[in-house]
Amino acid sequence: MKIHNFSAGPCILPQVVFDKMAQACLDFNNSGTSILEISHRRKDAVEVIDTARALVKELMNVPETHDVVFMQGGASLQFPTVAYNLLKEGGKAAYTQTGKWAENAIKEAKRFGEIEVIASSKDQNYNYIPKGYTVPSDVDYFHCTSNNTIFGTQMKEFPNSPVPMVCDMSSDILSRTIDVSKFGVIYAGAQKNMGPAGSAVAIVQKDLLGKTERNIPDYLNYETHIKKESSFNTWPVIAIYGVMLNLQWLKEQGGVEAIAKINTAKADAIYAEIDRNGLFTGTASTEDRSQMNATFVLNNEDFKADFDAMLKEAGVVSLAGHRDVGGYRASMYNALPLESVQVLVEVMKQFEQKFG
């Protein structure tokens, strides 16, 4: 049976990525050694991380004003890293509060200075994206989260910011075209849409750095990683290899612009069924629905066991919603084929025929 994996992260990856990673674990580049045991300083390992960085630049059209670095610790370590590098001593930053990960980013930043939450959707359990707010001009930077994996909401556009804009794009990076030049820092944990868990990427505007007057630990200093070309310490070779392969696959599909059309088709298909089918209700505000994570609930929980059994029979896995929302969550990252969404939609239709 073919498995249709809607996992929210670590994410689904293309089969070709799994095949090449599996081979590399046994014999990397016909060297007789596994990629799991080679030095990150070895020439062909350095080529992996250099290629991954170059592909991010190419696929996202990163301008010369910015650089791309890979780090560890996921997006969670980026929360304090952003503040270390951009929040001046005695300074202030503005944040929007749109979900759990935005909350965590705010919590970490508050250790470094004054944080102003200029917009929040906590009042409705984060089921919408705040709008109509103004980014203040007297802060060091403005921080937002583009996609909220748990709650199924996504920013459809970004505000005009008079200060450097920082964005956590962990769950929708490379899924749609964006203008990188509008951002001071973009960061993302790789495990949502780029590759396996174990790394994070940061796209940093270089001239913003070195101005906070803080004593920044070397590892948390973006300048360290830019200077060392992402090889300041032993980086996770297998994880970055997975990212590189996934980015190569994305390029072969036609790049971000091409995959964005497929992502739109997938989202349109699942949301159309959620809205049509009287047995389900979407949990996110219609205008703010995420293309990456569709969240919905059964209107009658008495039928949950029946629906779950039908999903299992069809090979649909990892559809359970987060405990903060409940219900179901269909995560539709780049590598998830439209076919998988169509299978899910068909199960929902059959469920309606049987129990509606």
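Just so it is clear, the model here is predicted, and its values are computed rather than measured.

Caption draft 1: Expanded view of unusual backbone geometry. Across the junction of Gly 9 and Pro 10, the peptide omega takes the value 0 degrees, indicating a cis bond. Checked against the element boundaries, Pro 10 lands in the loop between β1 (4-5) and α1 (15-26). Even without a glycine there, the phi angle at Asn 61 is positive, about 50 degrees. With respect to the element layout, Asn 61 can be found in the loop between α2 (43-59) and β2 (66-71). One non-glycine residue, Glu 229, adopts positive backbone phi at about 50 degrees. As for its position among the elements, Glu 229 is in the loop between α5 (222-227) and α6 (237-252).

Caption draft 2: Just the UniProt feature "modified residue: N6-(pyridoxal phosphate)lysine" (unreviewed entry) in the protein chain, in detail. Summarizing the sequence annotation, UniProt attributes the feature "modified residue: N6-(pyridoxal phosphate)lysine" (unreviewed entry) to Lys 192 in the numbering used throughout. Topologically, Lys 192 is positioned in the loop between β9 (185-189) and β10 (200-205). Overall, Lys 192 belongs to the buried group, its relative accessible area being 15%. Apart from the residues lying within four places of it in its own chain, the contact partners of Lys 192 are Ala 8, Gly 9, Cys 11, Thr 149, Ser 170, Ser 171 and Tyr 333.

Cut-offs used in this document
- Residues numbered from 1 in each chain as written.
- Predicted model: local features only at pLDDT ≥ 70, side-chain atom pairs only at ≥ 80, totals over all residues.
- Heavy atoms only, no water.
- Helix = DSSP H or I, 4+ residues; strand = E, 2+ residues; numbered from the N terminus.
- UniProt positions renumbered as here; feature names shortened; annotations may be inferred.
- Buried < 20%, exposed > 50% of the residue type's maximum accessible area, 1.4 Å probe, protein only.
- Contact = heavy atoms within 4.5 Å.

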